[in-house]
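# Per-entry structural report
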Amino acid sequence: TVYAIGFSDDIVFSERVGRLRSPEELPQPADIIVLPVPALASTRTVNTPLYSHALLLERVLECAAEGGLVLGGKTDAVLEKKCSRYGLRCIDYMEREELAVLNAVPTAEGTVQIAMQELPTVLFGQKCLITGFGRIAKVLTHHLLALGMDVTVAARKYSDLAWITVYGAKKELTSRMGEQIDKYDLIINTVPAKLFDHRILSRVHKGCLMIDLASKPGGIDFDAARELGVNTIWALSLPGKVAPISAGQIICDTIHNILTEMEG
């Protein structure tokens, strides 16, 4: 039995979903509470971007059954502490490996979309640098090579450099990527560390597009980039922006996996 709260009236649900205007309307304690990404809007309220009213976290948690489960995305110490106070177990579904792997696909596709929109050329034949070789970078490398781009991937680990070669891309040590940084038409960063400082950015050619996919604080010194006139885009939370239905399905499947594991 599923109930939904924190959505405006124009959001359509299946007839099997009960709509509530407040947590107090819940007819019985909830065994499972599913929160969004990020889970909280503040230390006191649940993140409800599709709702015009504040939804207090305390009231939501008070409706949970004893020993209940709280599932949320990008949970923090505040939520975990409050869940513990109510005797509830808190799990961050964004930390699951299967979700991270599948989320790399809409992130990569969204990045390709941005590149196509922002660059005045076709991607075919253009030179691209990808920094980092995690999940997103792997999918991006595959996609951009398929589109005919000249792809170089910079990484720190020699094991990653070996895999980059197997993928069919060119490889470069991250410590040496600045030596030929001026040759790239597209630079995509996936590393959440300041790799692109004023010194590196000053050598990027003016027609280059830089897309930063890294979470805060990002990998680009954006103040320096503005000063130097480098075209930069900080593309955060792409799955929900470019493919919301797919992103929601990935979360749904991940939650199902969590519950299946707990039953087993």
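Residues numbered from 1 in each chain as written. Predicted model: local features only at pLDDT ≥ 70, side-chain atom pairs only at ≥ 80, totals over all residues. Heavy atoms only, no water.

Once that is clear, we can look at a nonpolar patch on the surface. Side chains of Trp163, Val166 and Tyr167 sit close together on the surface and give an oily, nonpolar patch of about 340 Å² of accessible area. Summarising the element assignment, valine 166 is placed in helix α5 (residues 158–167). (Patch = residues over 30% accessible without salt bridge, like charges linked within 9 Å, V, L, I, M, F, W, Y side chains within 5 Å. Areas by Shrake-Rupley, 256 points an atom, 1.4 Å probe, with all protein chains shown as cover. Salt bridge = Lys/Arg side-chain N within 4 Å of Asp/Glu carboxyl O. Helix = DSSP H or I, 4+ residues; strand = E, 2+ residues; numbered from the N terminus.)

Moving on, we come to the sheet that holds strand β4 (residues 64–72). Spatially, three strands are ordered β3-β4-β5 in an open sheet, and the strand pairing comes out parallel. A strand with exactly one partner marks an edge of an open sheet, and here the two such strands are β3 (30–34) and β5 (89–92). The mean angle between the axes of side-by-side strands here comes to 15°, regardless of whether they run parallel or antiparallel. Inspection of the sheet shows β3 paired to β4 by four bridges, in the parallel sense. Pairing of isoleucine 33 across the sheet is with valine 70, part of β4. Sheet strands touched by helix α9 (residues 244–263): β3, β4 and β5. Its angle to β4, the strand with the most contacts, is close to 140°. (Pairing = 2+ DSSP bridges. Axes fitted to C-alpha atoms, helices over the stretch in contact; angles between N-to-C directions. Contact = heavy atoms within 4.5 Å.)

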